[in-house]
Amino acid sequence: MGDDVHHFETSGSGASSTYPMQCSALRKNGFVVLKGRPCKIIEMSTSKTGKHGHAKVHLVGIDIFTNKKLEDISPSTHNMDVPNVTRTEYVIITCDDDGYLSLMTSDGATKDDVKIDNNLFKDKPIDFGALRTDIEGGKEFLATVTSAMGEEVVTQIRDAPNA
């Protein structure tokens with residue numbers, strides 16, 4: 001009886017990757033989990049209550065990591081998951097030929113596991129060689145990294161403000 005040993009999994013800060021919110025409280029340009037993916041809501045419409053008493057909410061969202069359009073319909077009184085989305089700015093140290101960035105965090109450590117996905121920059125794809133040449137020439141850039149539900153992606157690259 002005294003030989004029972006319990007092992008518990010631990011994770012990060014204990015913060016959940018999502019939190020519940022009533023469907024009727026969601027708003028356009030907010031975030032929601034549709035079909036298991038974190039999405040930005042681009043369209044929302046509510047139908048009238050039917051014979052069985054539930055108004056339905058039709059949600060259309062864009063996946064924040066793949067730019068794919070996803071849709072879902074849910075009763076307005078039900079809860080839906082909302083992802084905890086964070087945006088962090090890093091100074092870009094260098095960029096390799098595959099689009100992987102070496103970034104400097106605010107405490108001076110390096111972060112080397114973030115890749116530029118040119119599918120998110122369709123209007124103006126990033127030229128990795130030109131970016132590296134500019135950085136080696138002394139130009140500073142900031143990368144905005146958006147993270148949610150254990151995934152992260154570079155969503156913006158811009159010139160660093162002059163210090």
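Scroll up to find the structure.
Remember, predicted model here, so these are calculated numbers, not experimental data.

Turning next to the sheet that holds strand 5 (residues 69–75). Two pairing modes exist for strands in a sheet, parallel and antiparallel, and in both the strands are linked by backbone hydrogen bonds. Taken in spatial order, the four strands line up as 2-3-4-5 in an open sheet, and their pairing is antiparallel. With partners counted over all chains shown, the strands left at the sheet margins are strand 2 (31–34) and strand 5, one partner each. Between one strand and the next, the sheet's axes are offset by a mean angle of 45°, whatever the strand orientation. Note that strand 2 and strand 3 (residues 37–46) share four bridges and pair antiparallel. Across the sheet, residue Val 33 finds its bridge partner in strand 3, namely Pro 38.

Moving on to the nonpolar core. Membership of the largest hydrophobic core comes to 23 residues, with the highest contact counts inside it found for Ile 92, Leu 101, Leu 103, Ile 116, Leu 131, Val 154 and Ile 157. Of all the secondary-structure elements, those providing two or more residues to this core are strand 7 (86–95), strand 8 (100–104), helix 1 (128–136), strand 10 (141–148) and strand 11 (151–159). When residues of this core are sorted by domain, at least three fall in each of domain 1 (18–83) and domain 2 (85–159). When near neighbours in sequence (up to four residues on either side) are disregarded, Ile 116 contacts Gly 99, Leu 101, Phe 121, Ile 126, Phe 128, Leu 131, Val 154 and Ile 157. Among the nonpolar cores identified, the runner-up in size contains 11 residues, and Val 32, Leu 34, Cys 39 and Val 82 belong to it.

This part takes up the packing of aromatic side chains. In the structure shown here, the tally under the stated rule is zero aromatic pairs. When the ring centre of Tyr 100 is taken as origin, the NZ or CZ atom of Lys 115, which lies over that ring, is 5.9 Å away.

Side-chain direction in a regular strand flips from residue to residue, so the side chains alternate between the two faces of the sheet. Count of turn residues in the strand 2/strand 3 antiparallel hairpin: two residues, of which Lys 35 carries a positive phi of about 50°. Summarising the sheet, strand 3 and strand 4 (residues 56–63) pair through seven bridges and their orientation is antiparallel. Considered in strand 4, the bridge of Ile 41 is made with Gly 61.

Conventions used here
Residues numbered from 1 in each chain as written. Predicted model: local features only at pLDDT ≥ 70, side-chain atom pairs only at ≥ 80, totals over all residues. Heavy atoms only, no water. Pairing = 2+ DSSP bridges. Helix = DSSP H or I, 4+ residues; strand = E, 2+ residues; numbered from the N terminus. Axes fitted to C-alpha atoms, helices over the stretch in contact; angles between N-to-C directions. Core = buried A, V, L, I, M, F, W, Y, C linked by side-chain atoms within 4.5 Å. Buried < 20%, exposed > 50% of the residue type's maximum accessible area, 1.4 Å probe, protein only. Domains from an automatic or database assignment. Contact = heavy atoms within 4.5 Å. Phe/Tyr/Trp six-rings, centres within 6.5 Å; stacked < 30°, edge-to-face > 60°. Lys NZ or Arg CZ within 6 Å of the ring centre and 35° of its normal.

Interpretation note: all reported values are geometric properties and have no functional meaning in isolation.
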